[in-house]
Amino acid sequence: MQKFKSPGQLQRFLETFSGLRNLFVPPHHQRSAIDTHLYRINAFSQWKQAAVLEA
(Lines give C-alpha, C1' and ligand atoms only; values in the text may rest on other atoms or scores of the structure.)
Protein backbone atom coordinates (compact mmCIF):
# COMPACT_ATOMS: atom_id res chain seq x y z
CA MET A 1 0.00 0.00 0.00
CA GLN A 2 2.97 2.29 -0.52
CA LYS A 3 2.11 5.94 -1.21
CA PHE A 4 -1.64 5.36 -0.94
CA LYS A 5 -3.34 7.27 1.83
CA SER A 6 -6.09 4.76 2.49
CA PRO A 7 -7.19 1.27 1.53
CA GLY A 8 -10.11 2.84 -0.36
CA GLN A 9 -7.78 4.90 -2.54
CA LEU A 10 -5.73 1.79 -3.30
CA GLN A 11 -8.88 -0.17 -4.18
CA ARG A 12 -10.11 2.55 -6.58
CA PHE A 13 -6.72 2.59 -8.30
CA LEU A 14 -6.63 -1.20 -8.63
CA GLU A 15 -10.15 -1.35 -10.05
CA THR A 16 -9.22 1.10 -12.81
CA PHE A 17 -5.78 -0.36 -13.43
CA SER A 18 -7.01 -3.94 -13.70
CA GLY A 19 -9.56 -2.94 -16.35
CA LEU A 20 -6.92 -1.19 -18.40
CA ARG A 21 -4.42 -3.99 -17.96
CA ASN A 22 -6.93 -6.54 -19.23
CA LEU A 23 -7.35 -4.48 -22.38
CA PHE A 24 -3.64 -4.34 -23.24
CA VAL A 25 -2.30 -7.70 -21.99
CA PRO A 26 -3.25 -10.61 -24.26
CA PRO A 27 -4.67 -13.88 -22.93
CA HIS A 28 -2.11 -16.48 -21.92
CA HIS A 29 -2.86 -18.74 -24.89
CA GLN A 30 -1.42 -16.09 -27.25
CA ARG A 31 2.29 -16.58 -26.79
CA SER A 32 4.01 -15.52 -30.01
CA ALA A 33 5.49 -12.05 -30.30
CA ILE A 34 3.51 -11.21 -33.44
CA ASP A 35 0.23 -12.23 -31.79
CA THR A 36 1.04 -10.01 -28.80
CA HIS A 37 1.99 -7.14 -31.10
CA LEU A 38 -1.23 -7.42 -33.10
CA TYR A 39 -3.30 -7.75 -29.92
CA ARG A 40 -1.82 -4.51 -28.56
CA ILE A 41 -2.33 -2.66 -31.85
CA ASN A 42 -5.99 -3.64 -31.68
CA ALA A 43 -6.19 -2.62 -28.02
CA PHE A 44 -4.72 0.83 -28.75
CA SER A 45 -7.19 1.26 -31.58
CA GLN A 46 -10.09 0.46 -29.24
CA TRP A 47 -8.64 2.79 -26.61
CA LYS A 48 -8.38 5.67 -29.09
CA GLN A 49 -11.98 5.12 -30.23
CA ALA A 50 -13.23 5.11 -26.65
CA ALA A 51 -11.23 8.25 -25.78
CA VAL A 52 -12.73 10.14 -28.75
CA LEU A 53 -16.26 9.06 -27.80
CA GLU A 54 -15.85 10.31 -24.23
CA ALA A 55 -14.33 13.66 -25.20
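In what follows, the structure referred to is the one given above.
Model, not experiment: these values are computed from the prediction.

Analysis parameters
- Residues numbered from 1 in each chain as written.
- Predicted model: local features only at pLDDT ≥ 70, side-chain atom pairs only at ≥ 80, totals over all residues.
- Heavy atoms only, no water.
- Helix = DSSP H or I, 4+ residues; strand = E, 2+ residues; numbered from the N terminus.
- Rg over C-alpha atoms; globule rule 2.2 N^0.38 Å.
- Buried < 20%, exposed > 50% of the residue type's maximum accessible area, 1.4 Å probe, protein only.
- Areas by Shrake-Rupley, 256 points an atom, 1.4 Å probe, with all protein chains shown as cover.
- Phe/Tyr/Trp six-rings, centres within 6.5 Å; stacked < 30°, edge-to-face > 60°.
- Patch = residues over 30% accessible without salt bridge, like charges linked within 9 Å, V, L, I, M, F, W, Y side chains within 5 Å.
- Salt bridge = Lys/Arg side-chain N within 4 Å of Asp/Glu carboxyl O.

**Student:** For this particular structure, what's the right way to read the overall build of the protein?
**Tutor:** In terms of helices and strands, the protein carries two helices and zero strands. Relative to a compact globule of 55 residues, whose C-alpha radius of gyration would be 10 Å, the protein shows 15 Å and is clearly more extended. In terms of overall dimensions, the protein has a C-alpha envelope of 40 × 30 × 15 Å along the principal axes. Split into buried and exposed, the 55 residues of the protein put 7% on the buried side. Roughly 4,900 Å² of accessible area belongs to the protein as shown, and the carbon and sulfur atoms make up 60% of that amount.

**Student:** Would you explain the packing of aromatic side chains in this entry?
**Tutor:** What the rule picks out here adds up to four aromatic pairs. Measuring from centroid to centroid gives 5.5 Å for Phe4 and Phe13, while their planes differ by 45°, and the two rings are tilted. Judged by its relative accessible area of 41%, Phe13 falls in the partly exposed class. An aromatic cluster is built from Phe4, Phe13 and Phe17, whose rings are joined through pairwise contacts.

**Student:** Could you clarify how one ought to interpret a nonpolar patch on the surface in this entry?
**Tutor:** Where nonpolar side chains cluster on the molecular surface, the patch consists of Phe13, Leu14 and Phe17 and spans about 280 Å² of accessible area. With respect to the helices and strands, Phe17 occurs in helix α1 (residues 7-24).

**Student:** Explain the environment of Gly19 here, please?
**Tutor:** Tracing the backbone through its elements, the reader meets Gly19 in helix α1. Note on Gly19: relative accessible area 42%, which makes it partly exposed. As for Gly19 and Ala50, which are separated by 31 residues in sequence, their C-alpha atoms are 14 Å apart.

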